[in-house]
Amino acid sequence: MNTKALTRSEVFGQLRKELYGEEQSRHANTHIFIILGASGDLAKKKIYPNLWWLFRDGLLPANTLFVGFARSNLTMQDIRAACLPHMKESFAPLVHQVTDAESESLSAFFSKNSYLSGRYNDAGSFEQLNGHLSSLPDGTDANRLFYLALPPSVYLDVSTNIRHHCMSSRGWNRLIVEKPFGRDLKSSQELSVHLSSLFKEDQIYRIDHYLGKEMVQNLMVLRFGNRIFGPIWNRDSMACVVLTFKEPFGTQGRGGYFDDFGIIRDVMQNHLLQMLCLVAMEKPASTSPDDVRDEKVKVLKCIAPVEAPEVVLGQYVGNPDGDGDSKLGYQDDPTVPKGSCTPTFATAVLYVQNERWDGVPFILRCGKALNERKAEVRLQFTDVPGDIFDERCQRNELVVRVQPDEAIYLKMMTKRPGVFFSPEETELDLTYKSRYKNVKLPDAYERLILDVFCGNQMHFVRSDELREAWRIFTPLLNRIEREKESPIPYPYGSRGPAEADDLVKRVGFRYEGKYKWVQPHAN
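Within each chain, residue numbers correspond to sequence positions counted from 1 in written order. Residue-level local features of this predicted model are given only where pLDDT is at least 70; pairs of side-chain atoms are given and counted only at 80 or more, and the full residue set underlies all totals for whole chains, interfaces and linings. Each side-chain value is worked out from all heavy atoms of the structure, with water and hydrogens disregarded.

Enquirer: Looking at this model, I keep getting lost on the overall build of the protein. Mind explaining?
Expert: A tally of regular secondary structure across the protein gives 16 helices and 15 strands. Within the protein, contacts between residues separated by at least 24 positions form 79% of all contacts whose residues are at least 6 apart in sequence. Helix and strand assignments follow DSSP, with helices taken as H or I runs no shorter than four residues and strands as E runs no shorter than two, numbered in order from the N terminus. Any two residues whose heavy atoms approach within 4.5 Å at even a single point are treated as in contact.

Enquirer: Would you take a moment to explain the packing of aromatic side chains for this structure?
Expert: The way to describe two aromatic rings as a pair is by their centre distance and the angle between their planes. Here the aromatic set is Phe, Tyr and Trp, taking the six-membered ring for Trp, and pairing holds for ring centres within 6.5 Å; pairs whose planes are under 30 degrees apart are stacked, those over 60 apart are edge-to-face, and all others are tilted. All chains considered together, the criterion is met by 18 aromatic pairs. Judged by centre distance (5.9 Å) and plane angle (70°), the rings of Phe229 and Trp233 are edge-to-face. Per residue, the accessibility class of Phe229 equals that of Trp233, and both read buried. Across the ring face of Trp172, the terminal group of Arg174 is positioned such that the distance to the ring centre comes to 3.6 Å. Any residue under 20% of the maximum accessible area for its type is buried, any over 50% is exposed, and the rest in between are partly exposed; the area is computed with a 1.4 Å probe on protein chains only. Criterion for a charge above a ring: Lys NZ or Arg CZ within 6 Å of the ring centre, and within 35 degrees of the ring normal.

Enquirer: So what exactly am I meant to see when it comes to the pattern of salt bridges here?
Expert: One speaks of a salt bridge when a side-chain nitrogen belonging to Lys or Arg is within 4 Å of a carboxyl oxygen belonging to Asp or Glu. Applying the stated criterion to the full structure yields 34 salt bridges. A salt bridge links Glu282 to Arg356; the nearest nitrogen and oxygen atoms lie 2.7 Å apart. Here Glu282 is found in the loop between helix 11 (262-280) and helix 12 (289-301), whereas its partner Arg356 is found in the loop between strand 9 (345-351) and strand 10 (361-367), with 74 residues between them in sequence. Notably, a salt bridge pairs Lys411 with Glu397, separated by 3.3 Å at the nearest N-O pair. Placement of Lys411 in strand 13 (residues 407-415) and of Glu397 in strand 12 (residues 397-403) is noted, with a sequence separation of 14 residues between them. The pair Lys411 / Glu397 is uniform in exposure class, with both members buried. By sharing partners, the salt bridges in this structure join Lys246, Glu372, Lys374, Glu376, Arg378, Glu397, Arg401 and Lys411 into a single network.

Enquirer: Teacher, can you tell me more about the pairing of strand 5 (residues 173-178) here?
Expert: When a strand is regular, its side chains alternate between the sheet's two faces. Burial of strand 5 is extensive: six of the six residues sit out of reach of the surface. The alternating pattern of strand 5 places Asn173, Leu175 and Val177 on one face and Arg174, Ile176 and Glu178 on the opposite face, and all of these are buried. Strands were regarded as paired on the criterion that DSSP finds at least two bridges between them. As paired strands, strand 4 (residues 143-148) and strand 5 are joined by five bridges and run parallel to one another. By the bridge assignment for strand 5, Phe146 is matched with Leu175. With strands facing away from the observer, any crossover in which the path from the first strand over the helix to the second runs clockwise is taken as right-handed. Each parallel crossover has a hand, and the one from strand 4 via helix 7 (residues 155-165) to strand 5 is right-handed. Pairing of strand 5 with strand 6 (residues 204-207), which is carried by four bridges, proceeds in the parallel orientation. Within the sheet, the bridge partner assigned to Val177 lies in strand 6 and is Arg206.

Everything listed here is a matter of geometry and, on its own, says nothing about what the molecule does.
Next up, the structure:
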């Protein structure tokens, strides 16, 4: 038995062979990763840092080059200076020490970078970009990945110019598109039709970064890798499912952008609905991308458009007892139009009308300026039949904490230690910081960018999936914009409107308010 410890380079060498295959590991084609919108916040805070972490850990194909493109007249030194503060954070898959070698690796990364400025609606600018790509070593035959880190308003021009002027003649071409994918069903369909006229579906990667998060990806293994959950994962045992996304801060100067979309488009129609699909779908035939996405689409097709009585909308106002930003309401943001009816909070109840889930409410809750930062999936089980403990037992709950403090825990009843025969609520707990002490979880973008290099579309949104998601929410969005009804005000730092708690109670969720999960070993 060989007990020799693998070196860091050997570990990543094995990972690279697993990802790209033995032959490509030895004789990798040239890959060019083009960042359109390289001067923007998304590029400097997420894309460049995640590319650097993948490069540093040897997970990218050996011959990978990076090209930035934006309207700003910048140099690579400007790009490096803007990105460097965000590159110092470590979300690498394996623990490492910061060394001189890493500093050299960072320099090596930027030596593979270049930058061009140009206009997004100008064919000549993209001809210049193509000339630059072709001038790079093996650039004419290289595989090309185009990341649209851009506002949706320029997607049509940019995608058209890429298709007509920048496609690799011999390598493959892949397009990464950031959300929002349209504003409603009609605009989303128009974008999908436009992209499908230029690219094949297997070339389009619609990225929702929530699908790259550790605990979201864990949902499939939790469900389909454990025998204990199969018999109870249905309407016979589940009272309700709650999917939550809470942020403790407001728009803080981003109100002008947010006001054009609102919380439903920003969070509910994508992040929360994606998690719902992973909770509700049937076991796929395999883990191949199409098998998984086929099952997600089947779930969405079983959900009727959300009805107004099953929705509560809110908008935060200043908290006079707070401090700093909490004293300011949404409409106190100077970038928000006066009298705005855009919701910053929403609770909606959906029903998956199939044999497994018929009658079980799926409660989606999301909002800004709330009392805590939290994203989780909470499955609440039905009451134990034949209660012998005089209603002193609470419902069991299985909770998957997506962020912060990633965890899976099962709330259950046990006997309180001591001489009395009294049940009390506790949990079986898998908190990642406690169980996996020496593991640094990769950033969601790190996983997803790597998936694009590998050609794995499992964690990306397919066009029919997108169409069904917009079908569910478009009637509600149209009603909100047509009627311009003011959302219910709620104080900054609160749980949200009390009407939302009333709604979830009415549909069957039971909240006692006596028990709170505490992260173990927090000290």
